[in-house]
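What the coordinates show
Listed here are the chains, written in short residue letters.
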Amino acid sequence: MSLRTLNLGILAHVDAGKTSLTERLLYAAGVIDAVGSVDAGTTQTDSLALERQRGITIRSAVAALRIGDTAVNIIDTPGHPDFIAEVDRVLGVLDGAVLVVSAVEGVQPQTRLLMRALRRLAVPTLIFINKIDRGGADAGRTLAELARRLDVKAAPMTRVSRPGERAAVAEPDTRTLADVLTADNEALLAAYVADESCLTPRRLRAELAAQTARCAVHPVFAGSAMTGAGIDALMAGLTDLLPASAGDPAAGPRGRIFKIERGPAGEKVAYVRMFDGTLHVRDHPTGGRDRITALHMLEHGDLVPRDRVAAGGIAALRGLTAVHVGDAIGAADDLPAHHFAPPMLEALLVPAHHADGARLRSALAQLAEQDPLINVRADENLGTAVSLYGEVQKEVIRATLAAEFGVEADFRETTTLCVERPAGVGEAVERLNTPSNPYQATIGLRVEPAPPGSGVQVRVPVDYRFAPLYVYRTLDLFKDSMGEYIRDALRAGPRGWPVTDCVVTMTESRYSVADGPPSLRGPDSTAADFRKLTPLVMTQALAESGTTVCEPLARVTLDIPVSALGPVLSVLSRLQSVVADQVVRGDEMTVVATLTAAYAQELHRVLPEVTGGEGVLESAFAGYRPVRGALPTRRRADSSGGDDSH
Ligand SMILES: Nc1nc2c(ncn2[C@@H]2O[C@H](COP(=O)(O)OP(=O)(O)OP(=O)(O)O)[C@@H](O)[C@H]2O)c(=O)[nH]1
Ligand SMILES: [Mg+2]
C-alpha cells in the first residue's frame, strides 16, 4: 500500500484547543494509549518545560499519525499573538490546515488574521468548532460568525445536539451541502435542478474536496477535543477532503527548514519539509561544508532513524550546523519571507549579574537560531536587543534564559522598533596604505535609497582580480562574505536603528600581498581586514547620505458597541490616530484607524475601559512613516545599571 502524506497545520487563537485536539487525534489514531492533558502538562506537543508549567504552547511542534493510507504530520502551533512568528515559519510548509474556533468564545481577531493568511497562501483549510461540551457553547452561533466575521463560505458537516453538556454529540449531517456547493458551480446546479438524485453522496464529497482544495469552500466540523465528540468525522475529512502533498522525489531537492531545536547533547536539530527531490544521510544540502550526519522521521509517535527523506516528507536533520529557521534547501526561495507583520517593539536585555554579559550573548545567539527575531546586535557596547511582539514573549525569554542557560537577565523598558532609511545617496572609500585606514584592505561603498518595504539589497560587482581569493577560495564566497559584513554594518545606522530600504554597492575592492605592486604591497590582507573595515566605510557612507528615522504604524480595526463611539473617538484623537472608516451594523460598529505602533499598544490597554469590555481590536502592520518632531535615538544598554540618561 503506498502512503500519501499530508502535512497538516493546526491553527487558532490562544486557548481554542489546538494542543488538546492534536492529542485527541493522536489517541484516536492509536499513537498514544491515553489522552494527555494540557492542564496536567502531559501532552505530546507541549513538550517544553515552560509549556507544561504554563499550559500554553510557545513553539510549533510536530507529531505524526496515520489515518488509513494517509501519513499525517500534524504541526501544532501556538495561538498567542506574541508567538505569531512560530506560525509564520510553519505556514509555508503546509498541505492543509485545521482552523480551530471555540464554540464558546467564537471568532477572535487572531482567528481572522490566521484565516486571511491561510487564504492568501491558498492553504486548503477545514474549520473545527471545538468545546461543544462546555457551558455556553453554541455551534450555530459560531457558524454564523464564521460567515459574517471570517467572510468565508462554510460547508457545515455536522449537527450538534446537547451543546454545553459533557454528553454533547456532533453527528454527520450534510443536508445543506448540495446548496452550498451548487452556489458557485453552474454545471452542478443545472444537473441538480434537472435531477436531484444525481448528486449522490459520493459525487457531493468529490465536489466538496475539489472546492476545498481551491479554498472556495471550508468544510466546518464541530466537536470536542476533551470528550472526543465529532473526532471521527473530522478525521474522515482530513483524509478525504484535504489534498495530499504532491512533489517529485526524483527531481532536484527543494525544501524548507521550519523549526530548529537542540538535541539531548546540545546538538542542532533542523526540521525540514521536502517539496521535491530526496535528501540522504551524508548529503551536503546547503551547498556548504555541512553534511547530514543523521536523519529521523516521525512515525507513530517516535523519531525513527532513516537514510532518506523524499518529496512531501518531514525529517529532523542533524549535522547542519549553519542552518537557520526559514532557510531554503535547493531552489525553494519562491516563498515570501513573512506572512505577518514584523515585530514592532524592542527591549534591551541586561544581565542581572554584570559578569554574565558574555554568557547572555551566547545564550541569545543559540535562541536566535531557533527564533530569528531575537536580534543579537553586533556591537557589544550596544547591548543585546530583542525584537518583540509583546509582554508574554518577554516573560518566556527570561524564563528560558534562566531555566536552560542559567542566566538571569532583565528587560529594560520596551520601545518601538524604528528603522532608518537613507535620505539620499552616500559614498565612501578607505584605501590601502592611507593614514585614515587601520586595516589592510580597500573598500568603497555606495548606499542609495530604495522603495519602502524593499529591505536591503547588496551588490558586489567585483571581479576576481580584486578579491583576495587566497582567503575566500571562490569569488562567490567573497561576495557572500561582503554581503554579510555589509548587512551586519546596517544593523545600526547613525541613530542606532537598523538601516533598511536601500541598495548598497561595493564600488572598490583591493587587497595587498607581500610581493604586490608598490601601492598594494604590504602584509597579506586577511578576512578580518575586510570584516572590520566594512563598518567603518559604511558609517562614512551613511553619514554622507543622512538617514530618516521611521516609526512603525498600525492599522487598527475596532469592533465596538455604537454607544461607545464617543469615548473611543476621543481616545483615538488623543492618540493622534487618523480615522479611515466607520461602518454601523445595528448596535455594533467597526472603526478603522491608523496610528503609531506605540500608541496602538496604549489603545489596546484602554479599550476595555472605554467600551465596557465589549470592544475587540485587531491590529495590523501598516508600514513605516518618518518620525515627526524629535528623533528617537536607539537606547544603549548600560550594564552598570540605573542610568538611562542619553
Ligand atoms: N471543555 C473543553 N475544554 C477544552 C476543550 N479543548 C481544550 N479545552 C481546554 O481549553 C484549554 C486550552 O486548551 P489547549 O489545547 O491548550 O489550547 P491551545 O489552542 O493549544 O492553546 P495555545 O496553544 O496556548 O494557544 C485547556 O484548559 C483545555 O483543557 C474541549 O473540547 N472542551
Ligand atoms: Mg497549544
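For clarity, every value in this text was computed on a predicted model and none was experimentally measured. (Residues numbered from 1 in each chain as written. Chains lettered and ligands numbered in written order. Predicted model: local features only at pLDDT ≥ 70, side-chain atom pairs only at ≥ 80, totals over all residues. Heavy atoms only, no water.)

1. Some remarks on unusual backbone geometry
Where we set the bar: Only DSSP runs of H or I with at least four residues qualify as helices, and only runs of E with at least two residues qualify as strands; both kinds are numbered from the N terminus onward.
Non-glycine residue Asp151 carries a positive phi angle of around 60°. Looking at where Asp151 falls in the secondary structure, it is placed in the loop between α5 (139-150) and β6 (154-156). The residue Arg282 is not glycine, and still its phi comes out positive at about 80°. Take Arg282: it is sitting in the loop between β12 (278-280) and β13 (294-299).

2. Brief notes about the coordination of the magnesium ion (ligand 2)
Operational definition: Each metal's donors are the N, O and S atoms within 2.8 Å of it, or within 3.2 Å when it is Na, K or Ca, and because water is not part of the set, sites may look incomplete. Whether a residue is buried, partly exposed or exposed follows from its accessible area with a 1.4 Å probe, protein chains only, as a fraction of its type maximum: under 20%, in between, or over 50%, in that order.
Here the magnesium ion (ligand 2) is held by the protein donor atoms Thr19 (OG1) and Thr57 (OG1), which lie 2.0 Å from it. Taken together, the positions of Thr19 in helix α1 (residues 18-28) and Thr57 in the loop between α2 (49-54) and β2 (61-67) put the pair 38 residues apart, joining distant regions of the chain. By relative accessible area, Thr19 is classed as buried at 5%.

3. Some words on the nonpolar core
The test is simple: Throughout, nonpolar core names a set of buried Ala, Val, Leu, Ile, Met, Phe, Trp, Tyr and Cys residues whose side chains join them through atoms within 4.5 Å. Only heavy atoms matter for contacts: two residues are in contact if any of them lie within 4.5 Å across the pair.
One finds Leu11, Ile75, Leu91, Leu94, Leu99, Leu146 and Phe258 to be the most contacted residues of the largest nonpolar core, which totals 43 residues. No other element matches the five residues that helix α3 (residues 84-91) contributes to this core. Residues within four places of Leu99 in sequence aside, it is in contact with Leu11, Ala12, Thr111, Leu114, Met115, Leu118, Thr125, Leu126, Ile127, Phe128 and Leu150.

4. So, the pairing of strand β29 (residues 588-596)
As a reminder of what qualifies: Pairing between strands requires that DSSP locate at least two bridges from one strand to the other.
Burial of β29 is extensive: seven of the nine residues sit out of reach of the surface. As paired elements, strand β27 (residues 547-561) and β29 share nine bridges and run antiparallel to each other. Note on β29: the bridge partner recorded for Val556 is Ala593. Note: strand β28 (residues 578-585) against β29, seven bridges, orientation antiparallel. Bridge assignment links Arg585 to a residue of β29, and that residue is Glu588. The turn joining β28 and β29, which pair antiparallel and follow one another in sequence, is formed by two residues; a positive phi near 60° is taken by Gly586.

5. Concerning the site of ligand 1
Formally: Residues are labelled near a given molecule or strand when at least one of their non-hydrogen atoms is within 4 Å of it. Here a polar contact means two N or O atoms within 3.5 Å. Within protein one must be a hydrogen donor candidate and the other an acceptor candidate, and residues neighboring in sequence count only if both atoms are side-chain atoms. The accessible surface values rely on the Shrake-Rupley method and a 1.4 Å probe; as for residues, cover is taken only from the protein chains in view. Each residue gets one label: Ala, Val, Leu, Ile, Met, Phe, Trp, Tyr, Cys and Pro are nonpolar, Asp, Glu, Lys and Arg are charged, and the others, such as Gly, are polar.
Around ligand 1 sit 19 residues in total, of which Lys18, Ser20, Asp39, Thr57 and Asp133 are the nearest. Between ligand 1 and Gly17 there is a distance of 2.9 Å, counted from an oxygen atom to a backbone nitrogen or oxygen. Asp133 places a side-chain nitrogen or oxygen 2.8 Å from a nitrogen atom of ligand 1. Coverage of ligand 1 by the protein amounts to 91% of the 650 Å² it exposes when considered alone. Here the shell around ligand 1 gets three residues from one element, more than from any other, and that element is α1. Residue classes in the shell around ligand 1 are distributed as six nonpolar, seven polar and six charged.

6. Quick look at the sheet that holds strand β16 (residues 314-318)
Let me state the cut-off plainly: Interaxial angle, 0 to 180 degrees, is taken between N-to-C directions of lines fitted to C-alpha atoms, where a helix line uses only the stretch in contact.
Taken in spatial order, the six strands line up as β14-β13-β16-β11-β10-β17 in an open sheet, and their pairing is antiparallel. Two strands close off the open sheet at either side, each with one partner strand: β14 (302-305) and β17 (328-330). Averaged over all adjacent pairs, the angle separating strand axes in this sheet is 35°, with direction ignored. The sheet contact formed by strand β10 (residues 254-262) and β17 spans three bridges and is antiparallel. When the bridges of β17 are listed, Arg256 appears paired with Ala328. This element, helix α10 (residues 357-370), spans β10 and β11 (268-276) of the sheet and lies at about 145° to β10.

7. Brief notes about the packing of aromatic side chains
The geometry of an aromatic ring pair comes down to the distance between the two centres and the angle between the two planes. Operational definition: Pairing of aromatic side chains requires ring centres within 6.5 Å, counting the rings of Phe and Tyr and the six-membered ring of Trp. Pairs whose planes differ by under 30 degrees are stacked, by over 60 edge-to-face, and all others tilted. A ring is considered to have a charge above it if a Lys NZ or an Arg CZ atom is located within 6 Å of its centre and within 35 degrees of its normal.
Scanning the entire structure with this criterion turns up six aromatic pairs. Measuring from centroid to centroid gives 5.2 Å for Phe621 and Tyr624, while their planes differ by 70°, and the two rings are edge-to-face. On the basis of relative accessibility, which here comes to 23%, the residue Tyr624 falls in the partly exposed class. One aromatic cluster in this structure is built from Tyr472, Phe478 and Phe530. Sitting above the plane of the Tyr271 ring, Lys259 keeps its charged end 6.0 Å from the centroid.

8. A short note on α5
This is how it is decided: Here the expected length of a helix is defined as 1.5 Å per residue gap, with one fewer gap than residues. Note that the arc is defined by the directions from the helix axis to the C-beta atoms.
Its twelve residues place the ends of α5 15 Å apart at the C-alpha level, agreeing with the 16 Å of an ideal helix rising 1.5 Å per residue. Among all positions in α5, only Ala139, Thr142, Glu145, Leu146, Arg149 and Leu150 are buried. One face of α5 carries all of its buried residues, which in axial projection span an arc of 110°. Two or three places before Gly140, at the start of α5, stands the capping residue Asp138, its side-chain oxygen 3.1 Å from that residue's backbone nitrogen. Phi for Asp151, located one or two positions after α5, is positive at around 60°.

9. A short note on the layout of surface pockets
Cut-off, in case you're wondering: A pocket, in this scheme, is an open set of points on a 1 Å grid over the protein atoms alone with protein on both sides within 12 Å along at least 5 of 7 lines, while a cavity is a set where a 1.4 Å probe fits but cannot get out; residues line either one if an atom lies within 4 Å of a point. Grid points are joined across faces, edges and corners, and a volume is the space filled by probe spheres set on the points.
What the second largest pocket holds in volume is close to 910 Å³. Looking at the second largest pocket, it is lined by 47 residues, and the ones nearest its centre are Ser47, Leu48, Arg59, Lys259 and Glu261. For the lining of the second largest pocket, the secondary structure elements donating two or more residues are α2, β2, α3, β10, α10 and α11 (391-405). The element contributing the most residues to the lining of the second largest pocket is α11, with eight residues.

10. Observations regarding the confidence of the model for the protein chain
Short version of the rule: The quantity known as pLDDT measures the predictor's confidence residue by residue, on a range of 0 to 100.
Overall, the predicted model of the protein chain reaches an average pLDDT of 89, with 95% of residues at or above 70. The low-confidence segment residues 637-646 (pLDDT under 50) makes 13 contacts with residues lying over four places distant or belonging to another chain.

11. Points about the side chain of Gln393
One can find Gln393 in helix α11. Judged by its relative accessible area of 5%, Gln393 is buried. Filtering out sequence-adjacent residues up to four positions away, Gln393 remains in contact with Asp82, Phe83, Asp371, Ser387 and Leu388.

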